[in-house]
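Residues per chain, in single letters:
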Amino acid sequence: MYFLRCLYSSLQIWSLIFRLKKQMPKIILAIESSCDETAAAVIRSGGRQSDILSSVVSSQIDIHKQYGGVVPEVAARHHVINILPVVMEALQAAKAGKKDLDLIAVTAGPGLITSLIIGVEAAKALSLAWGVPLLAVNHMYGHIAGNFLQPLSFPAVCLVVSGGHTEIVVMKDYLNNKKIGQTVDDAAGEAFDKVAKLLDLGYPGGPIVSKLADEFAATEKNAKIKLPRPMLSSNDFNFSFSGLKTAVLYAAQKMTPAERKKRAAEICFEFQNAAIDVLVGKTIKAAQKIKAKTVLLAGGVAANKKLRESLKAAAEGNGFKFSVPEFKLCTDNAAMIGLAAAQIIKKKNVPVDNYKKVRVDCGWELN
């Protein structure tokens, strides 16, 4: 009997140690290279919330500006040059070394395959050399995780808007995600860039279109040009921006070059309003259908000031809480990948030799 009591006490002690160990802060090195930003960050994960100890992003915007868009091969070559210096800078800024790391997290998809390969192979090499477990993270889930710096109320609906994706995701909790809608053609960010190209405004197009739209809004309330709101009334949560982009093209073709230049801000204003009306309308409709508590916004286009303000007003006006990451966590960065990994490892143990299983998947879909 005495032996059994001792055994029971020992099991309780080991159970307590195990729980405390799981709750202890974890130091995560995160790496992101899905497109043309080479990024690394160090995250401290503990309890319900995580802290960003460092975040370094090396942008290639000036390099690709001369081409009017991202050239995959050029992007990959610069990732090769930048990846290790960026990682070391992030570690140094966080005052962390390889012995401090509990996990390496890396974006494995979706994205440009040549860019993803550089980040993943670098992460696998570091995992092997340093003896640190490696976790593959979905880039889109990383964007959503930009909202994880504060506790969230579930269920939630998240609008994820970027240059390559436009999706509505239902979240039952931090890890239980289901995509219920997406673009059937162009993503919203892609449409912004293409409209900028049609109007010969420069690259990257999204911020330029937004800037001109805001300038027009400062002096005018309405545009004379009228553009469609595609699929706004459809009985689903999908999007289409190809037709909206084409409507801009047809409107621009009716103008002389001088008139088109003069009315560029007006066109941008109406285009942005049309896109945002659809994005906000569909998201609120989804939140109402699932009886969400929170509406989230994520992705590169979440940096658009008008979209942030419009979705916030619509969400709160309909009784939902609203969350959007700070601007620096909207565009591609590694901190969001680390925040995503921090949630995943609360439920998943990652073996030290996991680097053998990690593979690039440029079409990796959210569940």
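Up top you'll find the structure we're talking about.
The residue numbers shown here count from 1 along each chain, following its written sequence. Reporting of local features is limited, given that this is a predicted model, to residues whose pLDDT is at least 70; pairs of side-chain atoms are given and counted only at 80 or more, and all residues count toward the totals for whole chains, interfaces and linings. The basis for every side-chain value is the complete set of heavy atoms in the structure, and neither hydrogens nor water enter the calculation.

**Student:** I keep staring at the packing of helix α6 (residues 188–198) against helix α10 (residues 264–290) and nothing clicks. Help me out?
**Tutor:** When two helices pack together, you describe them by how their axes are tilted relative to each other and by the distance separating the axes. With their axes 11 Å apart at the nearest point, α6 and α10 run at an angle of 175° to one another. Relative to α10, α6 is oriented roughly antiparallel. Across the interface between the two elements, A188, A191, F192 and V195 from α6 touch F271, Q272, A275 and L279 from α10. Angles shown run from 0 to 180 degrees and are taken between the N-to-C directions of axes, each axis being a line fitted to C-alpha atoms and, for helices, limited to the stretch in contact. In this description a helix means any DSSP run of H or I spanning at least four residues, a strand means any run of E spanning at least two, and both kinds are numbered starting from the N terminus. These descriptions rest on fixed angle ranges, namely under 35 degrees for roughly parallel, over 145 for roughly antiparallel, 65 to 115 for roughly perpendicular, and the rest for oblique. Between two residues, a contact is recorded if the distance between any of their heavy atoms is within 4.5 Å.

**Student:** Got a minute to help me understand the layout of surface pockets in this structure?
**Tutor:** Left-over empty space is what a probe sized like a water molecule reveals as it rolls over the atoms. Roughly 1400 Å³ of volume is contained in the largest pocket. Lining residues are defined by having an atom within 4 Å of a point belonging to a cavity or pocket. Those points lie on a 1 Å grid over the protein atoms alone, cavities being sets where a 1.4 Å probe fits but cannot get out and pockets being open sets with protein on both sides within 12 Å along at least five of seven lines. Lining the largest pocket are 50 residues, with C35, D36, G163, D193 and Y203 positioned closest to its centre. Among the elements that take part in the lining of the largest pocket, α6 stands out by supplying six residues, more than any other. Grid points are joined across faces, edges and corners, and a volume is the space filled by probe spheres set on the points.

**Student:** What is the right way to read the sheet that holds strand β6 (residues 156–161) from this model?
**Tutor:** Sheets are built from strands paired through backbone hydrogen bonds, the pairs being either parallel or antiparallel. For two strands to be treated as a pair, DSSP must find no fewer than two bridges joining them. Reading across from one edge, β8-β7-β6-β9-β10 is the order of the five strands in this open sheet, with mixed pairing throughout. Two strands close off the open sheet at either side, each with one partner strand: β8 (177–182) and β10 (321–323). When the angles between neighbouring strand axes are averaged without regard to direction, this sheet yields 20°. Relative to strand β9 (residues 294–298), β6 is paired through five bridges, and the arrangement is parallel. Paired with C158 across the strands is L296, a residue of β9.

**Student:** Teacher, can you tell me more about the sheet that holds strand β3 (residues 49–59) here?
**Tutor:** Strand order in the open sheet made by the five strands is β3-β2-β1-β4-β5, with mixed pairing throughout. At either end of the open sheet lies a strand with only one pairing partner, and these are β3 and β5 (134–138). On average, each strand axis in the sheet is tilted by 25° relative to the strand beside it, whichever way the strands run. For strand β4 (residues 103–109) and β5, the ladder comprises five bridges, and the chain directions are parallel. By the bridge assignment, G109 is partnered in β5 with N138. Seen against the sheet, helix α4 (residues 113–130) touches β1 (26–32), β4 and β5 and runs at an angle of roughly 155° to β4.

**Student:** What's the story with the pattern of salt bridges in this structure? I'm lost.
**Tutor:** Side-chain pairs of opposite charge can arise whenever the charged atoms involved come near each other. Salt bridges, as used here, are contacts in which a Lys or Arg side-chain nitrogen is within 4 Å of a carboxyl oxygen on Asp or Glu. Inspection of every chain in the model, using the stated rule, returns 16 salt bridges. For R263, the salt bridge identified is with E266, shortest N-O distance 2.8 Å. Each residue gets one of three labels from its accessible area relative to the maximum for its type: buried under 20%, exposed over 50%, partly exposed in between, using a 1.4 Å probe on protein chains only. We classify R263 as partly exposed; its relative accessible area is 21%.

**Student:** I would appreciate a short explanation of the pairing of strand β2 (residues 37–46) in the present structure.
**Tutor:** Looking along a regular strand, one sees side chains alternate from face to face of the sheet. Of all ten residues in β2, eight are buried; the element is thus mostly enclosed. With seven bridges joining them, β1 and β2 adopt antiparallel strand pairing. For L29, the partnering residue across the bridge sits in β2 and is V42. Taking the residues that link successive antiparallel strands as the turn, the β1-β2 hairpin has four residues. One ladder, built from ten bridges, connects β2 with β3; its direction is antiparallel. Bridged to R44 within β3 is D51.

**Student:** Teacher, can you tell me more about the pairing of β5 here?
**Tutor:** Extensive coverage of β5 is indicated by the burial of four of its five residues. Handedness of the crossover joining β4 and β5 through α4: right-handed. Consider the strands pointing away from the viewer: the crossover is right-handed when the path from the first strand over the helix to the second runs clockwise.

Purely spatial values, then, with no claim about function.
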